[in-house]
Amino acid sequence: MASPFPGMDPYLEDPEIWSGVHASMLAAISEQLAPMLRPKYVVRFEERVYVTGEDDPGYRAIVPDLRVIELAEPEIHEGSLVVRDAKDRSVVTVIEVLSPTNKIINSFGRESFLKKRREVLASSANWIEIDLLRDGVRSANIPRLETSDYQVYLSRSAFRRQAEVWPIKLADRLPIIAVPLRPSDPDVPLDLQAARDVVIERGSYDLDTNYSLDPVPPLSPQQAQWARQIISSRAE
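Residues numbered from 1 in each chain as written. Predicted model: local features only at pLDDT ≥ 70, side-chain atom pairs only at ≥ 80, totals over all residues. Heavy atoms only, no water.

## Section: the confidence of the model for the protein chain
Detailed reading of predicted coordinates is not advised where the pLDDT is low.
Phase 1 of the analysis: With 91% of its residues at a pLDDT of 70 or more, the protein chain shows a mean pLDDT of 90.
Phase 2 of the analysis: Every residue in residues 64–71 scores below 50 in pLDDT, and together they form 7 contacts with partners more than four places removed in sequence or on other chains. (pLDDT = per-residue confidence, 0-100. Contact = heavy atoms within 4.5 Å.)

## A word on helix α1 (residues 15–37)
Phase 1 of the analysis: Over its 23 residues, α1 runs 32 Å from end to end, which matches the ideal 33 Å to within 8%, given 1.5 Å per residue.
Phase 2 of the analysis: Among the residues of α1, the N-terminal cap falls to Asp14, whose side-chain oxygen and the backbone nitrogen of Glu16 are separated by 2.9 Å. (Helix = DSSP H or I, 4+ residues; strand = E, 2+ residues; numbered from the N terminus. Expected span 1.5 Å × (residues − 1). Polar contact = N/O pair within 3.5 Å; in protein donor to acceptor, adjacent residues only side chain to side chain.)

## Concerning the packing of aromatic side chains
Phase 1 of the analysis: Per the counting criterion, the structure on display carries 5 aromatic pairs.
Phase 2 of the analysis: Ring centres of Phe5 and Tyr11 lie 6.1 Å apart, and the angle between their planes is 40°; on these two criteria the pair is classed as tilted. Here Phe5 and Tyr11 have matching classes, each one buried.
Phase 3 of the analysis: Ring geometry for Tyr11 and Tyr211: centres 4.8 Å apart, planes at 75°, overall edge-to-face. Residue Tyr11 is found in the segment before α1, and its partner Tyr211 is found in the loop between α4 (192–203) and α5 (221–235); the two are separated by 200 residues along the sequence.
Phase 4 of the analysis: For Tyr11, a relative accessible area of 11% gives the class buried. (Phe/Tyr/Trp six-rings, centres within 6.5 Å; stacked < 30°, edge-to-face > 60°. Buried < 20%, exposed > 50% of the residue type's maximum accessible area, 1.4 Å probe, protein only.)

## A few points about unusual backbone geometry
Phase 1 of the analysis: Cis peptide bonds are those with omega within 30 degrees of zero, and the linkage from Arg38 to Pro39 qualifies with 0°.
Phase 2 of the analysis: Among the structural elements, Pro39 can be located in the loop between α1 and β1 (41–51).
Phase 3 of the analysis: Note the cis peptide between Val216 and Pro217, where omega equals -5°.
Phase 4 of the analysis: Tracing the backbone through its elements, the reader meets Pro217 in the loop between α4 and α5.
Phase 5 of the analysis: The backbone of Arg89 sits at a positive phi, close to 65°, despite the residue not being glycine.
Phase 6 of the analysis: On the secondary structure map, Arg89 appears in the loop between β2 (75–85) and β3 (91–97).
Phase 7 of the analysis: Even without being glycine, Ser204 reaches a positive phi, approximately 50°.

## Observations concerning the layout of surface pockets
Phase 1 of the analysis: Empty space within the second largest pocket amounts to approximately 210 Å³.
Phase 2 of the analysis: In terms of lining, the second largest pocket is formed by Tyr11, Asp14, Ile17, Tyr205, Asp208, Thr209, Asn210, Leu213, Asp214, Pro215 and Val216.
Phase 3 of the analysis: Among the residues forming the lining of the second largest pocket, the class breakdown is 6 nonpolar, 2 polar and 3 charged. (1 Å grid on protein atoms, 1.4 Å probe; cavity = no way out; pocket = protein on both sides within 12 Å on 5 of 7 lines; lining within 4 Å. Points joined across faces, edges and corners; volume = space filled by probe spheres on them. Nonpolar A, V, L, I, M, F, W, Y, C, P; charged D, E, K, R; others polar.)

## Some points on the environment of Val137
Phase 1 of the analysis: Relative to the helices and strands, Val137 resides in the loop between β4 (126–131) and β5 (150–156).
Phase 2 of the analysis: Sequence spacing of Val137 and Ser124 is 13 residues, and the spatial spacing of their C-alpha atoms is 26 Å.
Phase 3 of the analysis: Setting aside residues up to four positions removed in sequence, Val137 forms contacts with Asn102, Lys103, Ile105 and Arg110.

## Examining the pattern of salt bridges
Phase 1 of the analysis: Applying the stated rule across the entire model yields 15 salt bridges.
Phase 2 of the analysis: Between Lys116 and Glu96 there is a salt bridge whose closest N-O contact spans 4.0 Å. One end of the pair, Lys116, is in helix α3 (residues 108–121); the other, Glu96, is in strand β3, with 20 residues separating them in the sequence. Comparing Lys116 with Glu96, the two get one shared label, buried.
Phase 3 of the analysis: Of the charged contacts in the structure, one is a salt bridge between Asp197 and Arg196, with a shortest N-O distance of 2.7 Å. (Salt bridge = Lys/Arg side-chain N within 4 Å of Asp/Glu carboxyl O.)

Structure below.
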């Protein structure tokens, strides 16, 4: 069966498969945006690189079997998307899909992520961070915002920073968010639910996911009960 969940599938959060999900999500977002950005803008895949080791709090979250890789200092590549001006190649908008290490306090992956975040927020570019992971600590914590399982955070440049947030609960459809460009151009829409569907279909994650087991990380007791009902109703 296809994913039974109406929004984010929590089984996709498993660290065992997240690297593949992450790459597929970036590809799906890029393919969705590219036609809408033409002819003034292009979207490009870019990487942030850092070195990890056993003193890194996020070391085991990067690749579960990293201990078998015979490297003294493994080099980690984390991808993101950058919308650039087609004429001068200047950065217009940066889109980050968070990985587990980006949400582990004091991890090398989080420090690398936060450094990039600070650089973009200090520039004239827009910043979007898409957090589809329940575990870990968010970097964008907005006061008085309702508690949510997932979140999308947008910081617009437009000469002065303006934040927008999409809080997402497990039972919610993933939202259509705004991707800002230059102030003179309108936003383009990004349908995260459609991107999720592409990820699942192309990766065939629905075919080898055992929905009879609990997801990793686990759901709360209330969420687990809801998930069992959803899975059971779709299997009938």
